[in-house]
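So the chains spell out like this:
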Amino acid sequence: MNNKIVYTPGPTNVRENVRQARFIKTTNPDIDVDFVEFYKETCDALANLIKTENDVYLLCGEGILGLEAACASLIEKGDRVLVIDNGIFGNGFKDFVSMYGGEVVLFSQDHRNSINTDELEKFLEYDNDFKFATIVHCDTPTGVLNDLSTICPLLNKHNILTVVDSVAAMFGEKLLVDEWKIDIILGGSQKALSAQPGLTIVSLSEEAKKSIKNRKTNIIGFYCNLSIWDNYYENKHFPYTMPISDILSLRKAVDNIIEDELENVITRHEKISKATRRALSEYGLKLFLESGFSNTVTAIEIPKEIGALNLVNYILNTYNVVIGTSLGEYKNSLLRLGHMGENARLESIIYILNILEKSLTNLGFEGNGCLVNLFNKYYE
Ligand SMILES: *Cc1c(COP(=O)(O)O)cnc(C)c1O
C-alpha cells in the first residue's frame, strides 16, 4: 500500500497539509458547540464555491451515499423518475430509483457524446410527468461531461426536480448550482477536492425540501433520510456522531481551493486536460469520446493486443503507480487517466505521460514522437 502514486479519477492524491489535518487533536463533535460552528462554516464555504444559497450538508459516507440518499428521500412508491443516461453512472441511477419503489423512465443516449439538450427537450414535450430527474455531470468511466447549464433549467421549466451527481466534476468544472436551478447536487471528498474518501457533499433546494416534507409515506431508513439534517444548526445537534477527523481534513482541502482561487483551479484542470487530449491523439492513441470531454478524466482506447488491464498491471508492477481501466463493458478496452484535483498539476501529468509512453513502448506500441514533448507543445 505504501508510497504509491495514484492517477485514478478519484480517489486522488492528497496534499500534505490535508493529510496533516487528520492528526489535529479532536473534541466531542456531539456536545462541543465549537464543532457545530466549524461544521457550519465548512458547509457555508462549500456552498459559496458551488454558488448556492441552499443549505449544504456533509454526510458521513462516500459519494454513493448521496446518490442513494437523494433517491430514498424523494421517492414514494410509484413515483415516476426520469433517469438521464449516457454512461455507466447515469444508467446506474435506475437501480437506486427502483430500489426505493420509483418507476424508472430512461432517457438514454450513446456513451461517446454529451446529452443532447434539444433531443431531451423534444422528449419532454410529450412526457414530462416526473417527480425528479437524475443526471450525471461527469460520467467517470468514460469521462463524458454533460451540460448542466442547459439541461437543468429545461427540467426546471417542466417542474421536474433535478438530482445531479457531480461527484467527479465538482471543483474541476464550472458549477453554478443556483443559476442552473439544480435542486440536489452531490459531490464527494475524494475527487477534485482531493481529500480522502469518506464524505458526501449535498445541497438541497427549498423545492426539494418541500417535496420531502410533503411525502405521504415515511422515508425508509435513517442514514439515507436527508430530512434528519433539518435544523441541525438551530438545535446544535447532529443526527449521528460526525467523523470529525474526516471533516478537519476536508476543510483543509476546501481552504486550499479558496487559497488557490476556484477560477484558477478550474483553469488549471482545463489547460491540463486539453493538452493531454491533444498529445494523446497526436501520439496515435484514440480517445473514447467524440464530444463532451471533461476536465477531470480522459478515457483512452488501448489496442487489443496490449489490453488495458495488462497495461495497468505493468504500470503498477514497474512504477508503483496506480492507474485504472474503466468499468463494465469497457474494463479491458479503456485506460482512464485521472487529472483531477492534486493530479491536475504539471509535475503530475508529465510524470504519468512519461510512464505511459515507456510502458506502451515496452509492450510493443509504436507511437508518433514523444508524449511529454507533445504535451508541452500544446500546453499553454
Ligand atoms: C466516484 C464517483 C461516485 C462515487 O462512487 P465510488 O464508490 O467512488 O465509485 C459517484 N458518481 C460518480 C460519477 C463518481 O465518479
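Given the structure is predicted, the values throughout are model-derived calculations rather than measurements.

(A) Region of interest: the site of the ligand. Close contacts around the ligand come from Glu62, Ile64, Phe89, Val136, Cys138, Thr140, Asp165, Val167, Ala168, Gln190 and Lys191, and that covers them all. Here threonine 140 contributes a side-chain N or O atom positioned 2.3 Å from an oxygen atom of the ligand. Relative to its unbound accessible area of 370 Å², the ligand is 80% covered by the protein chains. Broken down by class, the residue content of the shell around the ligand amounts to six nonpolar, two polar and three charged.

(B) How the structure looks around the sheet that holds strand β14 (residues 324-325). One open sheet accounts for four strands, arranged β11-β12-β15-β14; its pairing is antiparallel. Strand pairing shows two members of the sheet lacking a second neighbour, β11 (286-287) and β14, which therefore form its edges.

(C) Expanded view of the pairing of strand β8 (residues 161-165). Burial analysis of β8 places five of its five residues in the buried class, the great majority of the element. Judged by which residues are buried, β8 turns out to be covered on both faces: Leu161, Val163 and Asp165 on one side and Thr162 and Val164 on the other are all buried. Summarising the sheet, strand β5 (residues 132-136) and β8 pair through five bridges and their orientation is parallel. Across the sheet, residue alanine 133 finds its bridge partner in β8, namely threonine 162. Here β8 pairs with strand β9 (residues 184-188) via three bridges, running parallel. Pairing of valine 163 across the sheet is with isoleucine 184, part of β9.

(D) Focus on helix α7 (residues 206-213). Among the residues of α7, Ala208, Lys209, Ser211 and Ile212 are the ones counted as buried. Axial view of α7: buried residues confined to an arc of 160°, hence all on one face. Every exposed residue of α7 that faces more than 90 degrees away from the buried side is listed here: Lys210 and Lys213. Its buried side turned inward, α7 meets β2 (55-60), α3 (64-74), β8, β9 and β10 (199-204).

(E) Highlighting the UniProt feature "binding site: substrate" (unreviewed entry) in the protein chain. As recorded in UniProt, the feature "binding site: substrate" (unreviewed entry) lies at Arg336. By the secondary structure assignment, arginine 336 is in strand β15 (residues 334-338). Sequence-distant contacts of arginine 336, defined by excluding residues within four places in its chain, comprise Tyr7, Pro9, Thr140, Pro141, Val297, Thr298, Ala299, Ile323, Gly324, Thr325, Ser326 and Leu327. Within polar-contact distance, the side chain of arginine 336 engages the backbone oxygen of threonine 140 at 3.2 Å.

(F) Region of the structure containing the packing of helix α12 (residues 346-362) against helix α13 (residues 371-378). For the pair α12 and α13, interaxial distance at closest approach is 8 Å and the crossing angle is 145°. Of the residues in α13, those in contact with Leu346, Ile349, Ile350, Leu353, Asn354, Leu356 and Glu357 of α12 are Leu371, Val372, Phe375 and Asn376. Here the residues of the contact of α12 with α13 sort into eight nonpolar, two polar and one charged.

(G) Spatial organisation of the side chain of asparagine 295. With respect to the helices and strands, the residue asparagine 295 is situated in the loop between β11 and β12 (297-301). For asparagine 295, a relative accessible area of 7% corresponds to the buried category. At a separation of 3.0 Å, a polar atom in the side chain of asparagine 295 contacts the main-chain carbonyl oxygen of glycine 172. Within the structure, asparagine 295 has its side chain in polar contact with the side chain of serine 273 (distance 3.5 Å). Those residues in contact with asparagine 295, other than ones at most four positions away along the chain, are Gly172, Glu173, Ile266, His269, Glu270, Ser273 and His339.

(H) A look at the domain arrangement of the protein chain. Once the domains are mapped, the protein chain shows domain 1 (5-9 + 261-379) and domain 2 (16-259). Centre-to-centre separation of domain 1 and domain 2, based on C-alpha positions: 28 Å. Listed per partner, the contact involves 29 residues of domain 1 and 26 residues of domain 2. Taken over both partners, the interface formed by domain 1 and domain 2 buries close to 2,200 Å², and the fraction arising from carbon and sulfur atoms is 55%. Between domain 1 and domain 2 we count one salt bridge in total. Ionic pairing is found between arginine 112 and glutamate 301, a salt bridge with its closest N-O pair at 2.9 Å. Our enumeration of links across domain 1 and domain 2 arrives at 19 residue pairs in polar contact (both at pLDDT 80 or more). Among the secondary structure elements, those contributing two or more residues to the side of domain 1 that touches domain 2 are α10 (262-283), β12 and β15. Across the side of domain 1 that touches domain 2, the residue classes break down as 13 nonpolar, nine polar and seven charged.

Reading guide: rules and limits
- Residues numbered from 1 in each chain as written.
- Predicted model: local features only at pLDDT ≥ 70, side-chain atom pairs only at ≥ 80, totals over all residues.
- Heavy atoms only, no water.
- Near = heavy atom within 4 Å.
- Polar contact = N/O pair within 3.5 Å; in protein donor to acceptor, adjacent residues only side chain to side chain.
- Areas by Shrake-Rupley, 256 points an atom, 1.4 Å probe, with all protein chains shown as cover.
- Nonpolar A, V, L, I, M, F, W, Y, C, P; charged D, E, K, R; others polar.
- Pairing = 2+ DSSP bridges.
- Helix = DSSP H or I, 4+ residues; strand = E, 2+ residues; numbered from the N terminus.
- Buried < 20%, exposed > 50% of the residue type's maximum accessible area, 1.4 Å probe, protein only.
- Arc of directions from axis to C-beta.
- Contact = heavy atoms within 4.5 Å.
- UniProt positions renumbered as here; feature names shortened; annotations may be inferred.
- Axes fitted to C-alpha atoms, helices over the stretch in contact; angles between N-to-C directions.
- Domains from an automatic or database assignment.
- Buried area = accessible area lost by both parts, 1.4 Å probe.
- Salt bridge = Lys/Arg side-chain N within 4 Å of Asp/Glu carboxyl O.

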